[in-house]
Amino acid sequence: MTTTTPVSPRSLRWARRRQSFTRSWNAYRSQRTGMIGLFLLAAIVILALAAPILVDESQLSVTQATGGRMEPPSAGFPLGTDEVGRSILALTLWGARLSLLIGLTATVVAILVGTAIGVTAGHIGGWYGWIALRFSDWFMVLPSLVVAIALLAVLGRSMSTTILVIAMVSWSGTTRLVRAQTLTVQARPYLERAKALGAGHWHQMTKHILPNVLPLVLASATLLVPSAILMESSLAWLGLGDPNVVSWGSILNRASSNGAVSAHAWWYLLPPGLAILLVVLAFMMCGRALEAVFNPRLRGEQS
Amino acid sequence: MTDGSSTADGASTEAPSAGRSRPGGRVSSGFGRYLFKHVGGAAVSLLLVLFSSFFIFRLIAGDPIDQLTRERPVSPEERAAMRAELGLDQPMWQQFWDYITGTLTMDLGESFQYRRPIFDLIVERLPATLILSGTGMVLAVVLGFWIGTRAGWKQGTRFDKGHVATGLLLYSAPTFWLGMIIILVFARYLGLFPVNGMRSPSTPPDFWSQAADIGYHLVLPVLTYTAVVYAGYLMIMRSSLLDEIGSDYLTTARAKGLRDDEVRRKHAVPNALLPTVTLVFLALGGVVNGSIVTETVFSWPGLGSLFVQSIFYPDRPVLQALFVLFSSSTILAVLGAEILYWFIDPRIRRSG
């Protein structure tokens, strides 16, 4: 397909990457649930990004609230109001930004740490590899919500500590996965060839191992985001979130501490909860489809 | 393959009969070594938990006196007296040593908020947690396995798709939110069940009335817990059955003329169960800590709600003790799974 004349290694590499991307995309596209998840996700992300255009930030202010106390849905407030008279619709839209931001950032941090430790543990091995593996095993066994609560209770409540804590309880799975994949890649002949040609550890890890590990990492990252979002919402609901920001979990925290359940204020409970459910579901659908594309065990037709 | 001599010396302390050449002796020496390895690993993990709890709650958290005396001014003498009472005037290594020996002898210190020994608090609240998450877990495992095997066996049918979709949907719901919605619908609107708590004060004190009352209060929390957890078992059971479904031994079983139902029950499921055993054991560990959120939603008087309540006091000794308890229960559960694996998966015995 790449035409005639001498091709540089770089263009060859990109052509190959493009080709494998197209192949993966085609495999992904054939899965209906994956596509539904992707559309759902795109819609939610667009709404979250457009929140400042759709709803002015002043609507989040407690002092400038215009509605009554826990009013049911009406023309002025399509989803009703909270205990100080703010629009639930506005809160939910703005909450999307924070829930997504924390979920994604925490996942990125976890993935970076997990991949770095996993690749080095698999490649270098020895004492370092053994300790890294035991350490990640240990982290994996610890109950994540308990650890997160304990850390947040002593570190204090802010957005960055929330992100840090969620990343801390979720990096270990990636490490295991990446280490295992690194070991299989390492056994392939082309790595031996690279070594024979004098490739250093850094070159081997970044040019040969990483590109082969990344697809699996991507699939597992897509499945980490929903658990990070769920974790954030649970922590915020328990009252451990940043008190100065609005996330779906913190909206529900206010709802339960202000007696929305006993006031039968279903409009206060449903929107943020359904929003969490939809985002998590969308990510899970995408993640499962990606896993089917990238996991060699689930990929039937290619040899 | 398995030479007795190399395994015998490693495990001589556990299995004195290992040196003899009886076939039974060889197996037990292999098991001794396996056990030793995993028990040792678990012991190191438990020590690490103790270390990290000391690190988190004594070193990162700062001086507990500041938190204890937030609202009122204290004189330096009073401060010093409090420090001495809590043992904070000792050097750090001495505090660490006291902490380790205290925890190992079940002397967990005293709660700030209840002014009572933490050990008593835990003993008092443990049954409530065990009732709630024990019931919830048994239901979730049974439901997940039952649906998971049937869905996997008939992959792609309406039954399969419907159950996978329902499971994923419930799995995606935040537990606390589901609990709130369940309270809103079943307790507030329909008035069928109590809103929260574990028993009503008006119930007569005899055993059966009390049990019935607790059962009545248990329905909604268990429903919440099960609804969120069972989907995980469903998916794992389903996918491990799918792994087995193309196997030759199933074709053989069918060729023998077994009914489809028998092939599934007697051949496919036992093999598919293997990967799920770990999950069940992890869940066993989760019984102690799995219901933190559920207990909080329903004000269930168990360990989970004690943990959450202690965050805001802040009752640091209780947080620390529960952190250790929750973490070690999962570590011990995983150890249990590893030991069980020896008996149910012959491949481990060969690889050592």
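Within each chain, residue numbers correspond to sequence positions counted from 1 in written order. The lettering of chains begins at A and the numbering of ligands begins at 1, in the order of writing. A pLDDT threshold of at least 70 governs which residues receive local features in this predicted model, and a stricter bar of 80 or more applies before side-chain atom pairs are shown or counted, although totals over entire chains, interfaces and linings include all residues.

Participant: When you look at the environment of Tyr189 of chain B in this model, what are you seeing that I'm missing?
Facilitator: Helix numbering and strand numbering both begin at the N terminus, where a helix is a DSSP run of H or I of at least 4 residues and a strand a DSSP run of E of at least 2. The residue Tyr189 of chain B is located in helix H8 (residues 175-189) in this model. Through-space distance from the C-alpha of Tyr189 of chain B to that of Gly304 of chain B is 27 Å; in sequence the pair is 115 residues apart.

Participant: Honestly, the packing of helix H5 (residues 144-155) of chain A against helix H6 (residues 159-186) of chain A in this entry has me stumped. Any pointers?
Facilitator: Residue and element names in this part refer to chain A. In this analysis an axis means a line fitted to C-alpha atoms, helices contributing only their contacting stretch, and an angle means the value between N-to-C directions, from 0 to 180 degrees. The N-to-C vectors of H5 and H6 enclose an angle of 150°; their axes lie 9 Å apart at closest approach. Classified by the angle their axes make, H5 and H6 are roughly antiparallel. Like other packed secondary-structure pairs, H5 and H6 cross with a definite hand, here right-handed. Contacts between H5 and H6 involve Ser144, Val147, Ala148, Leu151, Leu152 and Leu155 from the former and Thr161, Thr162, Val165, Ile166, Met168 and Val169 from the latter. Reported orientations rely on four angle classes, namely roughly parallel under 35 degrees, roughly antiparallel over 145, roughly perpendicular from 65 to 115, and oblique for the rest. Crossing chirality is assigned from the near helix's rotation relative to the far helix, an anticlockwise turn below a right angle marking it left-handed and a clockwise turn marking it right-handed. Contact between two residues is assigned whenever their backbone-derived C-beta positions fall within 7 Å.

Participant: Where do I start with the UniProt feature "domain: ABC transmembrane type-1" (unreviewed entry) in chain A in this structure?
Facilitator: UniProt positions are given in the numbering used here, feature names are shortened, and annotations may be inferred rather than shown by experiment. Taking the UniProt record as the reference, the feature "domain: ABC transmembrane type-1" (unreviewed entry) is found at residues 96-287 of chain A. When the span residues 96-287 of chain A is considered, its composition is 84% helix and 0% strand, and the gap between its end C-alpha atoms is 20 Å.

Participant: Quick question: what am I supposed to make of the nonpolar core here?
Facilitator: Proteins that are soluble and globular tend to have nonpolar side chains buried together. Under the definition applied here, buried Ala, Val, Leu, Ile, Met, Phe, Trp, Tyr and Cys residues are grouped into a nonpolar core through C-beta atoms within 7 Å. Exposure is read from a count of other C-beta atoms within 10 Å of each residue's own; the residue is exposed at 12 or fewer, buried at 20 or more and partly exposed in between. C-beta atoms are placed from the backbone. Ranked by internal contacts, the top residues of the largest apolar core, which has 144 residues, are Ala148, Ile149, Ala150, Ile166 and Val280 of chain A together with Leu322 of chain B. When residues in this core are grouped by element, the largest group, 17 residues, is from helix H10 (residues 266-294) of chain A.

Participant: How should the interface of chain A and chain B be read in this particular structure?
Facilitator: How large an interface is tends to be reported as the accessible area lost when its parts come together. Counting residues at the interface gives 32 residues for chain A and 34 residues for chain B. Going through the elements one at a time, helix H4 (126-141), H5, helix H8 (201-237), helix H9 (248-257) and H10 of chain A are the ones with two or more residues in the side of chain A that touches chain B. When residues are sorted by character, Ala, Val, Leu, Ile, Met, Phe, Trp, Tyr, Cys and Pro go into the nonpolar class, Asp, Glu, Lys and Arg into the charged class, and all the rest, Gly among them, into the polar class. Per-class residue counts for the side of chain A that touches chain B are 25 nonpolar, seven polar and no charged.

Participant: Is there a simple way to explain H8 of chain B in this structure?
Facilitator: An expected span of 1.5 Å times one less than the residue number is assigned to each helix. Helix length check: H8 of chain B, at 15 residues, gives a terminal C-alpha distance of 20 Å against a target of 21 Å (1.5 Å per residue), a fit within 8%. Bend is computed residue by residue as the angle between axes fitted to the seven residues ending at the residue and the seven residues starting at it. The largest bend along H8 of chain B reaches roughly 25° and is located at Ile183 of chain B. All of the buried residues in H8 of chain B are Thr175, Phe176, Trp177, Leu178, Gly179, Met180, Ile182, Ile183 and Leu184 of chain B. Elements in contact with the buried residues of H8 of chain B: H8, H9 and H10 of chain A together with helix H9 (207-244) and helix H12 (292-297) of chain B. Gly191 of chain B, located one to two residues past H8 of chain B, shows a positive phi value of around 65°.

Participant: Where do I start with the environment of Asp243 of chain B in this structure?
Facilitator: For Asp243 of chain B, the position within the fold is in helix H9. Along the primary structure Asp243 of chain B and Gly152 of chain B are separated by 91 residues, whereas in three dimensions their C-alpha atoms are 9.5 Å apart.

Participant: Even after reading the chapter, I still don't get unusual backbone geometry, so can you show me in this structure?
Facilitator: Residues other than glycine predominantly adopt negative phi, and peptide bonds predominantly adopt the trans conformation. For His264 of chain A, which is not glycine, the phi dihedral falls at a positive 55°. With respect to the secondary-structure elements, His264 of chain A resides in the loop between H9 and H10. Given 14 C-beta atoms within 10 Å, His264 of chain A falls into the partly exposed group. Positive phi, normally seen in glycine, also occurs at Arg115 of chain B, with a value near 55°. One can find Arg115 of chain B in the loop between helix H5 (92-104) and helix H6 (118-153). Judged by local crowding, Arg115 of chain B falls into the exposed class, with 7 C-beta atoms found within 10 Å.

Participant: Any chance you could explain the confidence of the model for chain A here in plain terms?
Facilitator: Where the model shows low pLDDT, its predicted coordinates should not be examined in detail. The pLDDT value tells you how sure the predictor is about a given residue, anywhere from 0 up to 100. Here chain A shows a mean pLDDT of 85. Residues at 70 or above account for 95%. Taken element by element, chain A is modelled with least confidence in helix H7 (residues 189-196) of chain A, mean pLDDT 82, and with most confidence in helix H3 (residues 88-124) of chain A, mean pLDDT 91.

Participant: It is not clear to me how the packing of H4 of chain A against H6 of chain A should be interpreted in this structure. Could you clarify?
Facilitator: The axes of two packed helices give the description: the angle between them and the distance between them. Residue and element names in this part refer to chain A. Their axes nearest at 8 Å, the elements H4 and H6 cross at an angle of 140°. Here H4 is positioned oblique relative to H6, judged by the angle of their axes. Between H4 and H6 lies a crossing whose hand is left-handed. Here Leu133, Ser136, Phe139 and Met140 of H4 lie close against H6, whose contacting residues are Ser172, Gly173, Thr175, Arg176 and Arg179. Residue composition of the contact of H4 with H6, grouped by class: three nonpolar, four polar and two charged.

Participant: Before we go on, may I ask you to explain the environment of Arg316 of chain B in this structure?
Facilitator: Residues and elements named next belong to chain B. Tracing the backbone shows Arg316 in helix H14 (residues 316-344). Note on Arg316: 23 C-beta atoms within 10 Å, which makes it buried. As a C-alpha pair, Arg316 and Gly336 span 20 residues in sequence and 30 Å in three-dimensional space.

Participant: Please explain the UniProt feature "transmembrane region" (unreviewed entry) in chain A as it appears in this structure.
Facilitator: Residues and elements named next belong to chain A. Here the UniProt feature "transmembrane region" (unreviewed entry) sits at residues 100-126, 213-231 and 265-290. Split by type, residues 213-231 is 100% helix and 0% strand. Its first and last C-alpha atoms lie 26 Å apart. Along residues 265-290 one finds 96% helix and 0% strand; the C-alpha atoms at either end are 39 Å apart.

Participant: Any chance you could explain the UniProt feature "transmembrane region" (unreviewed entry) in chain B here in plain terms?
Facilitator: Residues and elements named next belong to chain B. In the numbering used here, UniProt assigns the "transmembrane region" (unreviewed entry) feature to residues 39-61, 126-147, 168-190, 214-236, 272-298 and 318-344. The span residues 126-147 is 100% helix and 0% strand, and its two end C-alpha atoms sit 31 Å from each other. Taken end to end, residues 214-236 comprises 100% helix and 0% strand; its first and last C-alpha atoms sit 32 Å apart.

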